[in-house]
Amino acid sequence: MTLTAELEFDARATLGEGPCWDAHTQRLYWVDIEKHQLHLYDPATRTDRSFALAQPVGAAVLRKSGGLMLALQQGFYGFDPDSETLTHLDNPETHLPENRFNDGKCDPAGRFWAGTMPLCETKDCGSLYMLDTDLTVHQKVTGVRISNGLAWSPDERTMYYVDSPTRVVTAFAYDKATGAIANRRVVIEIPDGMGYPDGMSIDAEGMLWIALWDGAAVGRWNPLTGALLAQISVPVSRPTSCVFGGKDLDELYITSASTRLSAEVLAQQPLAGGIFKCRPGVRGGPTWEFAG
Ligand code: CA
């Protein structure tokens, strides 16, 4: 089955990423990593507000106590969008100034997981970290090249994770009570010609919706069998991530990038960097919030 995503907002992002649905206000946070901006998009008015952050921003998540948590190049921060105040919490990679934080998301217990990547994109010196609710940082996975999509199964016993250049999705046994992960295994292999797995979200049936960088699509996979179930065609080559939104969590918002595309390619993709939307016919899981 192939669905088609429509343009929702012509954001002209350089590296649009990290869509995070705010169910309280029915708005979408997202980031432009390379423009160093957090964005807040309101589908009701189709308007967008940006916040300048002065360094690359990999991920933004909601905080239950108010405001957001951010993974910036220089570590974990709290952010109050009303006063635009940043509060530095911790940087686990002061020894790796050529790394930056990339994709991140909260788990069902409200811990903030975010991974890093080398700016060169060729070394495996990235890691996946977990910011616990007591604000301690824990290194969970090492040897990562481009840390990307994260998702937790509806039964909250499995964590899925993407290191993009590997072109696979791996799964871990996940302990919600402690945040421990174990028994890593490959569950999905992206077929040749479909690009690289990037950000992802999970639906209420436990199926993964994975943005395919250089694949011009979002694919729906069954992580229990590895089977590709459906695709959403996107009119740009570099969709980057997706999240379920809308009051019934039945809309899929898709971010995209225009970075490092030639002028010739960009001329063929005038919507590159836009935010797209699709009704995939299934409800999504919730966007978890940071509980610390
Ligand atoms: Ca990404």
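That block above? That's the structure.
Residues numbered from 1 in each chain as written. Predicted model: local features only at pLDDT ≥ 70, side-chain atom pairs only at ≥ 80, totals over all residues. Heavy atoms only, no water.

1. Examining the side chain of Thr255
Stage number 1. Structurally, Thr255 is set in strand E24 (residues 251-256).
Stage number 2. In this structure Thr255 comes out as buried when scored by relative accessible area, which is 1%.
Stage number 3. Only 2.7 Å separates the side chain of Thr255 from the side chain of Thr240, close enough to count as a polar contact.
Stage number 4. Not counting residues up to four positions away in its chain, the partners in contact with Thr255 are Gly16, Glu17, Gly18, Pro19, Trp30, Arg238, Pro239, Thr240, Ser241, Gly274 and Ile275. (Helix = DSSP H or I, 4+ residues; strand = E, 2+ residues; numbered from the N terminus. Buried < 20%, exposed > 50% of the residue type's maximum accessible area, 1.4 Å probe, protein only. Polar contact = N/O pair within 3.5 Å; in protein donor to acceptor, adjacent residues only side chain to side chain. Contact = heavy atoms within 4.5 Å.)

2. Observations concerning the state of the cysteines
A disulfide bridge is the covalent bond that connects two cysteines by way of their sulfur atoms.
Stage number 1. Going through the model one piece at a time under the given rule, you end up with 0 disulfides.
Stage number 2. The thiol of Cys106 is not disulfide-bonded; the next cysteine sulfur, from Cys20, is found 7.7 Å away.
Stage number 3. Residue Cys125 stays outside any disulfide, its sulfur separated by 6.1 Å from that of Cys120, the closest cysteine. (Disulfide = S-S within 2.5 Å.)

3. A few points about the coordination of the calcium ion
Stage number 1. Binding of the calcium ion to the protein goes through Glu17 (OE), Glu17 (OE), Asn148 (OD1) and Asp198 (OD), at separations of 2.2 to 3.0 Å.
Stage number 2. Along the chain, the residues donating to the calcium ion are arranged with the sequence spacing E-x130-N-x49-D. On the criterion of sequence distance, the pair formed by Asn148 in strand E15 (residues 147-152) and Asp198 in strand E19 (residues 196-202) is long-range, its members being 50 residues apart.
Stage number 3. Looking at Asn148, the relative accessible area reads 4%, which means it is buried. (Donors = N, O, S within 2.8 Å, 3.2 Å for Na, K, Ca; no water.)

4. Comments concerning unusual backbone geometry
Stage number 1. Even without being glycine, Glu156 reaches a positive phi, approximately 60°.
Stage number 2. By the secondary structure assignment, Glu156 is in the loop between E15 and strand E16 (158-163).
Stage number 3. Phi at Leu249 takes a positive value of approximately 50°, unusual for a residue other than glycine.
Stage number 4. Checked against the element boundaries, Leu249 lands in the loop between strand E23 (239-245) and E24.
Stage number 5. We classify Leu249 as buried; its relative accessible area is 19%.

Honestly, that's just the spatial picture; any functional story needs more than this.
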